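Observations on the three-dimensional arrangement
For reference, the chains in residue letters:
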Amino acid sequence: MLTFSAGPSKVYDMMPQYLQDAYQEGILSANHRSAAFMNMYQEVQRLFHEKLHMPEDYQLLFTSSATENWEIISQSIVEKASFHIYSGSFGKKWINFAQYIIPNTSGIKIEANEVINVPHLEIGEEFDLIAITQNETSNATQVPMEVLEQIREKYPEKLIAVDTTSSMAGIELKFELADIWYASVQKCFGLPAGLGILILSPRAIEQTERKGEKGRYNSLNFMLENARSFQTHYTPNVLGIYLLKRALHDIPEIQHIDENLRDRIQKLEQCIIQSKSLRLLVENSETRSTTVLGVTGTESLISEVKKAAEAEGMQLGSGYGPLKPTSFRIANFPAITDSEIDRLIGFLIKY
Ligand SMILES: *Cc1c(COP(=O)(O)O)cnc(C)c1O
């Protein structure tokens, strides 16, 4: 079964080889203070610079999930409170986690078709961090880099944290525009779940050190201290990190992946626009995601299309939360090949 689910999603076709090699290279039993592990961590960080264009002075850290990163940010970085701008379920979960740790957390909810109106934003002194879900997987929307840039220009003194769980390694991110970037590997990285990515700017590191929060198993200061020697403070997901290294090594540089995903999403969108019965979930092309396509229709049609797709060996991603009965989602992730996307278009065109 070929899955177009937006996470966990299809893994890279090279996976059987990577897994075999991991076993044979002996990395699976490597101690996380050994040279083998430290070299691997360093190599992954180097590949983040080379392939994903992470700036030289940004630090890569390993966590267990994007969800964990929500807690780490409030616990270890935020000094006063965070202000959240969100439109869907993941952004809402993030603000809820943040509010639990820091009750003064606040934010605004916008509509899926609404572009963040930066000139009208009012974020006061009581907030030191702005939280944005760059790619909202639940409703298939995204915040373009230009909008992040406007926010950066308007609030240069605040830290910006960006959830790119379903876009990092898929689209080209301009890391200089924010201080905290995070993801999980089971989306655009095309890997099995169980590893979170957290990337910090020098300013985010500085603020973490100033706050000085320590003592919890996932206190960021512990992670940073260990990362200086390419170690982790607890035994990490070594297999996940190994697979990440192999996948990053084999993929093209991000601008090429980005270009290809943009071509493919346009083809998919055209197919839905021409459909008699299906519609795009997000009408505004300025907020529509590049990596996740939302398709909507009547409840009976959506269930019919999903069943017919399964009969042809293709699993469409279900709609998320309240959108579940009347929509499905298609992951336009790099591990899905061009010919697999064409096959899906060949199927959808019938509707
Ligand atoms: C999948 C997803 C998450 C949660 O990721 P986990 O790895 O399950 O913690 C958070 N935010 C967004 C935007 C996501 O797509």
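Under an unreviewed UniProt entry, the name given to the protein chain is Alanine--glyoxylate aminotransferase family protein, and the source organism is Algoriphagus kandeliae. For the record of the protein chain, the UniProt heading Cofactor (unreviewed entry) holds the text "pyridoxal 5'-phosphate".

Comments concerning the side chain of Ser166
Tracing the backbone shows Ser166 in the loop between β8 (159-163) and β9 (180-184). Here Ser166 is in contact with Asn135, Thr137, Lys187, Cys188, Thr291 and Phe333, once residues within four sequence places are set aside.

Quick word on the environment of Ile130
Along the chain, Ile130 turns up in strand β5 (residues 129-133). For the pair Ile130 and Ser82, spaced 48 residues apart in sequence, the C-alpha separation works out to 5.7 Å. With residues up to four places along the chain from it excluded, the contact list for Ile130 reads Phe83, Ile85, Ile123, Ile151, Tyr155, Lys158, Leu159, Ile160 and Ala161.

Regarding the sheet that holds β5
In spatial order, the strands read β2-β10-β9-β8-β5-β3-β4; together these seven strands make up an open sheet with mixed pairing. Edge positions in the sheet fall to β2 (59-63) and β4 (106-109), since each of these pairs with one other strand and no more. Taken over all neighbouring pairs, the strand axes of this sheet differ in orientation by 15 degrees on average, direction set aside. Alignment of strand β3 (residues 82-86) against β4, held across four bridges, turns out to be parallel. Paired with Phe83 across the strands is Ser106, a residue of β4. Sheet contacts for helix α3 (residues 66-77): β2, β5, β8, β9 and β10 (196-200); angle to β9, the most-contacted strand, approximately 155 degrees.

A look at the site of the ligand
Close to the ligand lie 13 residues, the nearest being Thr67, Thr137, Asp163, Ser184 and Lys187. In the model, an oxygen atom of the ligand is placed 2.4 Å from a nitrogen or oxygen of the Thr137 side chain. Within the complex, the protein chains bury 87% of what would otherwise be the 380 Å² of accessible surface of the ligand. Element by element, the count of residues in the shell around the ligand is highest for α3, at three residues. Residues that form the shell around the ligand fall into these classes: three nonpolar, eight polar and two charged.

Some remarks on the UniProt feature "domain: Aminotransferase class V" (unreviewed entry) in the protein chain
Per the UniProt record, "domain: Aminotransferase class V" (unreviewed entry) is annotated on residues 7-320. Summarising residues 7-320: 40% helix, 16% strand, and an end-to-end C-alpha distance of 11 Å.

Quick notes on the sheet that holds strand β14 (residues 317-318)
Strand order in the open sheet formed by four strands is β11-β12-β15-β14, with antiparallel pairing between adjacent strands. One side of each edge strand has no neighbouring strand; the edge strands of this open sheet are β11 (279-280) and β14. Taken together, the five bridges between strand β12 (residues 292-296) and strand β15 (residues 327-331) define a ladder with antiparallel strand orientation. If you follow Thr296 over to β15, its bridge partner there is Ser327. Helix α10 (residues 299-311) contacts β12, β14 and β15 of the sheet and is inclined by roughly 40 degrees relative to β15.

A look at the pattern of salt bridges
Applying the stated rule across the entire model yields 17 salt bridges. A salt bridge links Glu157 to Lys158, with the nearest nitrogen and oxygen atoms 3.9 Å apart. Under the relative-accessibility criterion, Lys158 is labelled buried at 3%. For Glu312, the salt bridge is made with Lys350, and the minimal N-O distance between the two is 3.1 Å. On the criterion of sequence distance, the pair formed by Glu312 in the loop between α10 and β13 (314-315) and Lys350 in the segment after α11 (338-348) is long-range, its members being 38 residues apart. In this structure, a network of salt bridges that share partners links the residues Lys10, Asp13 and Glu340.

Side note on the domain arrangement of the protein chain
In terms of domains, the protein chain is made up of domain 1 (2-8 + 254-348) and domain 2 (15-250). Counting residues at the interface gives 28 residues for domain 1 and 28 residues for domain 2. The largest per-residue losses of area from domain 1 upon contact with domain 2 belong to Ile254, Thr287 and Tyr320, which jointly make up 30% of the total buried on that side. Linking domain 1 with domain 2 are zero salt bridges. Where domain 1 packs against domain 2, one counts 14 residue pairs in polar contact (both at pLDDT 80 or more). Sorting the residues of the side of domain 1 that touches domain 2 by element identifies α9 (254-273) and β12 as the ones contributing at least two each.

As for the packing of helix α2 (residues 35-52) against helix α8 (residues 238-250)
Close contact between α2 and α8 brings their axes to 9 Å; oriented N to C, the two are set at 35 degrees. Two packed elements cross with a definite hand, and for α2 against α8 that hand is left-handed. The segment α2 lies against α8, with Phe37, Met40, Glu43, Val44, Leu47, Phe48, Lys51 and Leu52 engaging Val238, Ile241, Tyr242, Leu244, Lys245, Leu248, His249 and Asp250. Each residue belonging to the contact of α2 with α8 can be placed in one class, and the counts come to 11 nonpolar, one polar and four charged.

Parameters at a glance
- Residues numbered from 1 in each chain as written.
- Predicted model: local features only at pLDDT ≥ 70, side-chain atom pairs only at ≥ 80, totals over all residues.
- Heavy atoms only, no water.
- UniProt positions renumbered as here; feature names shortened; annotations may be inferred.
- Helix = DSSP H or I, 4+ residues; strand = E, 2+ residues; numbered from the N terminus.
- Contact = heavy atoms within 4.5 Å.
- Pairing = 2+ DSSP bridges.
- Axes fitted to C-alpha atoms, helices over the stretch in contact; angles between N-to-C directions.
- Near = heavy atom within 4 Å.
- Polar contact = N/O pair within 3.5 Å; in protein donor to acceptor, adjacent residues only side chain to side chain.
- Areas by Shrake-Rupley, 256 points an atom, 1.4 Å probe, with all protein chains shown as cover.
- Nonpolar A, V, L, I, M, F, W, Y, C, P; charged D, E, K, R; others polar.
- Salt bridge = Lys/Arg side-chain N within 4 Å of Asp/Glu carboxyl O.
- Buried < 20%, exposed > 50% of the residue type's maximum accessible area, 1.4 Å probe, protein only.
- Domains from an automatic or database assignment.
- Buried area = accessible area lost by both parts, 1.4 Å probe.
- Left-handed = near helix turned anticlockwise from the far one by under 90°.

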